[in-house]
Number of protein chains: 2
Amino acid sequence: MIRPFLKFIDWESSGTEERINVLKRPKSSQNLELKEKVSDIITKIKNEGDKALINFARLYDGVELKQLKVTDAEIEQAFKDTPSDIIEALKTSIQNISKFHSLQKKEDLKVETMSGVVCEKKTYPIEKVGLYIPGGSAPLPSTLMMLGIPALLAGCEEIVLITPPQKNGEVHPVVLAAAKLLNIKNIFKSGGAQAIAALAYGTESVTKVDKIFGPGNAWVTECKMQVGFDPEGAAIDLPAGPSEVLVIADENANPVFVASDLLSQAEHDPSSQVILITTSKNVLDEVEKQIAIQFELNPRKQIALEALKSSRGILTENLKTSVEVSNLYAPEHLIVQVEDLDFVKAKIKHAGSVFLGPWSPESVGDYSSGTNHVLPTYGFARAFSGVSLDSFTKSISFQELSKEGLKNLGPAVEVLAEAEGLYAHKQAVTLRLQYIASEKTEA
Amino acid sequence: MIRPFLKFIDWESSGTEERINVLKRPKSSQNLELKEKVSDIITKIKNEGDKALINFARLYDGVELKQLKVTDAEIEQAFKDTPSDIIEALKTSIQNISKFHSLQKKEDLKVETMSGVVCEKKTYPIEKVGLYIPGGSAPLPSTLMMLGIPALLAGCEEIVLITPPQKNGEVHPVVLAAAKLLNIKNIFKSGGAQAIAALAYGTESVTKVDKIFGPGNAWVTECKMQVGFDPEGAAIDLPAGPSEVLVIADENANPVFVASDLLSQAEHDPSSQVILITTSKNVLDEVEKQIAIQFELNPRKQIALEALKSSRGILTENLKTSVEVSNLYAPEHLIVQVEDLDFVKAKIKHAGSVFLGPWSPESVGDYSSGTNHVLPTYGFARAFSGVSLDSFTKSISFQELSKEGLKNLGPAVEVLAEAEGLYAHKQAVTLRLQYIASEKTEA
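Being a predicted model, the structure only gives us computed values, none of them experimental.

## Observations regarding the overall build of chain A
Part 1: A count of helical and extended segments in chain A gives 17 helices and 14 strands.
Part 2: Across the 443 residues of chain A, 62% fall into the buried class.
Part 3: Looking at chain A alone, contacts between residues at least 24 apart form 76% of all its contacts between residues at least 6 apart.
Part 4: For chain A, the computed accessible surface area is about 16,600 Å², with 51% contributed by carbon and sulfur atoms.
Part 5: Here chain A carries 47 positive and 58 negative side-chain charges, and the mean point of each set is 2 Å from the other.

Next up, the structure:
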């Protein structure tokens with residue numbers, strides 16, 4: 001192992017260009033070749049539906065599927081096969097996530113903006129939603145909870161779950177156990193771009209949905225981007241890039257904890273990025289030592305080592321600069337291990353989810369604290385929020401004017417429509433006002 | 001003129017495929033050639049910045065710009081040049097839009113999901129936003145109000161307005177007058193894809209923004225889609241297609257009003273779509289006659305005639321079916337002119353903005369009722385909401401666990417991290433719990 005693990009940068013002595021480069025994300029794997037391959041997959045799904053999904057499962061997952069839909073019997077069996085401590089842990093998570101997300105319900109809004117002009121804004125569930133749960137190196141029941149719970153709370157009429165089969169042709173039992181606890185039954189075996197395409201355009205078995213949720217690899221991400229703005233496709237939750245964590249630590253931070261948090265992120269994926277910003281060179285050095293120690297037992301060490309190649313250890317003069325640098329980076333996960341939490345908290349402008357203090361490792365938010373773990377990565381936190389109850393709803397505005405209302409507001413509308421050169425817009429008001437005037441004359 | 005204007009469809013006697021085809025949108029003008037041209041424009045803006053913007057203004061707007069930024073003197077002069085009835089009408093609109101949007105402010109959320117586990121969701125303004133106001137055939141001060149007011153209410157730190165110059169090299173005075181009323185000063189002269197690219201990537205004069213808002217032609221839309229998912233680009237408000245209206249009318253509807261609403265939409269753009277769904281053949285016939293009459297004086301008649309080529313007049317058996325067909329179409333604007341408004345309102349599932357009753361023409365919402373007029377077109381209302389205060393904000397979640405909290409929650413996190421095969425995730429909890437245990441032993 002090559003030490004130091006974290007690429008060291010002294011912020012104060014760095015020039016502007018150096019600073020910009022330091023905070024640049026590793027290049028994502030999006031490329032033209034991938035674009036074309038994904039586009040071909042979409043075409044195949046559109047043309048051949050279920051048959052294409054079964055062919056792709058043979059090709060990419062190495063399994064021969066008899067049917068795409070998971071049967072009730074498979075769900076029941078998986079639930080029985082899941083150890084009771086996992087069931088209990090899932091229940092704890094479901095309880096906390098439900099509590100936090102149910103509080104996000106929006107009240108409908110109704111107001112008389114001027115006499116006789118009533119405006120409303122009402123919230124509706126998105127009718128049909130698709131949840132993609134990646135398989136890959138680990139089953140992710142946690143992601144199912146993070147997507148399924150707000151979908152259920154929002155009242156989505158149709159929830160379609162799609163997830164790759166394992167080598168044995170089955171969906172991982174823990175994922176099915178979580179689905180059982182949430183009472184989600186519409187589950188299909190498919191992974192990668194083909195699964196996203198199936199949700200976006202529908203097949204004989206898979207219902208076409210209005211919006212697609214869930215993280216995935218570069219293929220999944222690329223496919224979400226291709227369908228996300230297609231009127232015939234489906235909306236998507238978030239644009240995405242590799243996952244990342246940024247830790248702000250002062251001289252009081254415990255290096256054991258900081259190292260464990262950095263490694264939690266690094267073990268995710270070789271393309272993950274981890275950044276430590278600290279005012280203490282001593283903490284930086286101690287964290288390096290701790291990384292070396294904690295590495296030893298980790299079976300995902302090779303993934304973490306790869307990820308650490310694009311890591312950063314940034315030394316700043318003071319805590320204010322630490323937060324400013326963090327805001328420039330706009331991290332998905334921000335862990336704050338400093339004495340003066342309030343000082344840092346008040347200065348945060350861009351982040352997905354924030355973990356405050358020594359007893360709040362990222363993993364509590366990944367599973368069980370109640371917050372959502374589907375978050376804006378790769379700097380998207382500047383403009384995007386993580387998944388929440390809102391992600392599963394939309395709003396419709398209403399207006400209803402009385403005759404009085406139109407008499408009050410109409411003249412302003414006529415003036416502005418004329419100023420914009422829109423004749424019929426004006427006429428729609430004028431003809432009504434004339435009608436009202438003629439009624440009066442008759443009366 | 002060819003009558004009937006509206007392509008007639010009897011819903012009950014139509015087959016499934018016919019029904020699907022009837023509700024298909026006219027093909028949008030997105031195509032591969034446009035994609036490449038827009039991509040070239042983006043590259044030019046990235047490489048040449050202001051110089052490229054000035055060259056494009058010469059090429060596409062036919063003007064020689066000395067500087068891109070509108071001066072304070074230009075704004076003051078424009079305000080003086082704007083007739084007082086327009087200023088008053090703008091003020092009325094600003095008042096109503098402000099009232100409706102200020103009520104949309106979200107409270108921050110804080111809850112203890114379990115003992116010692118505190119979760120928060122806090123709302124933040126998006127720091128830098130770009131507002132694109134199209135020029136084209138008409139100046140659109142209304143769109144500036146619809147975007148500028150929520151941006152100001154949200155507290156966005158930087159609001160950049162960009163809009164094409166007229167042939168005389170000036171921005172239309174009414175647009176500048178509206179900007180003056182809103183106290184928006186950061187205004188640039190540029191239109192089309194190049195303006196969007198400038199907002200997304202920044203130039204010497206134009207600040208790079210985090211999110212871009214505003215409608216536009218096919219070039220603008222294509223450019224927004226290209227920058228919208230680019231991590232180096234900027235988020236966008238909404239995907240977009242041509243504008244549209246759907247009117248649901250029963251036998252009591254006034255054909256004069258219905259025709260005026262259909263024409264309001266048709267005059268927008270040749271690609272606009274207008275649909276009338278009614279239970280009354282008589283109303284349909286009378287609306288046809290009214291369209292012919294109201295056409296006569298409209299200077300935008302040719303645009304409207306072109307748009308009417310893809311219009312529909314759909315006859316349904318009952319009001320329930322009328323709403324169901326409307327939900328299938330998911331219109332941007334939905335006008336409801338029926339006796340039993342409550343019946344229809346309760347059944348609406350997909351729409352951008354709804355206009356209830358005879359005294360609520362679309363134009364009141366376009367300008368002054370208080371609701372937003374930047375809405376999901378082209379079927380996007382199935383998953384998207386119109387622009388609102390939320391569009392200018394994002395949220396960040398926080399969690400802070402006490403030692404007690406981690407002791408309560410930690411074991412569940414350990415179990416789930418192990419189930420997902422994420423060793424370091426588990427360790428981040430285990431190492432902390434061990435520390436807490438050792439503290440106790442020492443004490």
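## With respect to the environment of Lys122(B)
Part 1: On the secondary structure map, Lys122(B) appears in strand β3 (residues 117-125).
Part 2: Relative accessible area serves as the criterion here: at 22%, Lys122(B) is assigned to the partly exposed category.
Part 3: Taking the C-alpha atoms as reference points, Lys122(B) and Ser395(B), separated by 273 residues in sequence, lie 5.4 Å from one another.
Part 4: The contacts of Lys122(B), once residues within four sequence positions are left out, are Lys345(A), Asp108(B), Lys394(B), Ser395(B), Ile396(B) and Phe398(B).

## Structural notes on the relation of the copies chain B and chain A
Part 1: Of the transformation superimposing chain B on chain A, the axial component is 0.0 Å and the angular component is 180 degrees, with the fit at an RMSD of 0.0 Å. This pairing of chains is accounted for by a two-fold axis. Of every C-alpha in chain B, the one belonging to Lys106(B) sits nearest the axis of rotation, 4.3 Å from it.
Part 2: Looking at the interface residues of chain B, 100% of them are also at the interface in chain A, so both copies use one shared face.

## Focus: the sheet that holds strand β6 (residues 187-189) of chain A
In a beta sheet, neighbouring strands are held together by backbone hydrogen bonds and run either parallel or antiparallel to one another.
Part 1: On the basis of which strands lie adjacent, the open sheet formed by 5 strands has the order β6-β5-β4-β7-β8 (chain A) and parallel pairing. The open sheet has two free edges, formed respectively by β6 and β8 (235-236) of chain A, since each of these has just one partner strand.

## As for the interface of chain B and chain A
Part 1: In this assembly, 120 residues from chain B lie in contact with 120 residues from chain A.
Part 2: The junction of chain B with chain A conceals about 10,900 Å² of combined surface from both sides, 64% of it contributed by carbon and sulfur atoms.
Part 3: By the criterion of area lost to chain A, the three top residues of chain B are Phe229(B), Trp359(B) and Arg432(B), representing 9% of everything that side buries.
Part 4: Inspection of the region where chain B meets chain A yields 14 salt bridges.
Part 5: Linking Arg432(A) and Asp261(B) is a salt bridge whose minimum nitrogen-to-oxygen distance equals 2.7 Å.
Part 6: The interface formed by chain B and chain A contains 72 residue pairs in polar contact (both at pLDDT 80 or more).
Part 7: The pairing of strand β13 (residues 353-356) of chain A with strand β14 (residues 393-401) of chain B spans 4 bridges and is parallel. Considered in β14(B), the bridge of Val354(A) is made with Phe398(B).

## Things to note about helix α11 (residues 281-295) of chain B
Part 1: In a regular helix each residue adds 1.5 Å, so 15 residues correspond to 21 Å; α11(B) covers 21 Å between its end C-alpha atoms and thus fits that length.
Part 2: Residues of α11(B) that are buried: Val283(B), Leu284(B), Val287(B), Glu288(B), Gln290(B), Ile291(B), Ala292(B), Gln294(B) and Phe295(B).

## Topic: the sheet that holds strand β4 (residues 128-132) of chain B
All names here are of chain B.
Part 1: Taken together, 5 strands build an open sheet; the order of strands is β6-β5-β4-β7-β8 and the sheet is parallel. Among the strands making up the open sheet, the edge pair consists of β6 (187-189) and β8 (235-236).
Part 2: Both β4 and strand β5 (residues 158-163) contribute to a ladder of 5 bridges, which runs parallel. The partner of Leu131 across the bridge, within β5, is Leu161.
Part 3: Packed onto the sheet, helix α6 (residues 141-154) meets β4, β5 and β7 (211-213) and runs at close to 170 degrees relative to β4.

## Focus on the environment of Ser369(B)
Part 1: Along the polypeptide, Ser369(B) turns up in the loop between α15 (362-367) and β14.
Part 2: For Ser369(B), a relative accessible area of 0% gives the class buried.
Part 3: The spatial distance from the C-alpha of Ser369(B) to the C-alpha of Gln166(B) is 29 Å, given a sequence separation of 203 residues.
Part 4: Among the polar contacts listed, one links the side chain of Ser369(B) to the side chain of Gln399(A), at a separation of 2.7 Å.

Rules behind the numbers
Residues numbered from 1 in each chain as written. Chains lettered and ligands numbered in written order. Predicted model: local features only at pLDDT ≥ 70, side-chain atom pairs only at ≥ 80, totals over all residues. Heavy atoms only, no water. Helix = DSSP H or I, 4+ residues; strand = E, 2+ residues; numbered from the N terminus. Buried < 20%, exposed > 50% of the residue type's maximum accessible area, 1.4 Å probe, protein only. Contact = heavy atoms within 4.5 Å. Areas by Shrake-Rupley, 256 points an atom, 1.4 Å probe, with all protein chains shown as cover. Lys, Arg positive; Asp, Glu negative; His and termini not counted. Charge placed at Lys NZ, Arg CZ, Asp CG, Glu CD. Least-squares fit on C-alpha atoms with pLDDT ≥ 70 in both. Pairing = 2+ DSSP bridges. Buried area = accessible area lost by both parts, 1.4 Å probe. Salt bridge = Lys/Arg side-chain N within 4 Å of Asp/Glu carboxyl O. Polar contact = N/O pair within 3.5 Å; in protein donor to acceptor, adjacent residues only side chain to side chain. Expected span 1.5 Å × (residues − 1). Axes fitted to C-alpha atoms, helices over the stretch in contact; angles between N-to-C directions.

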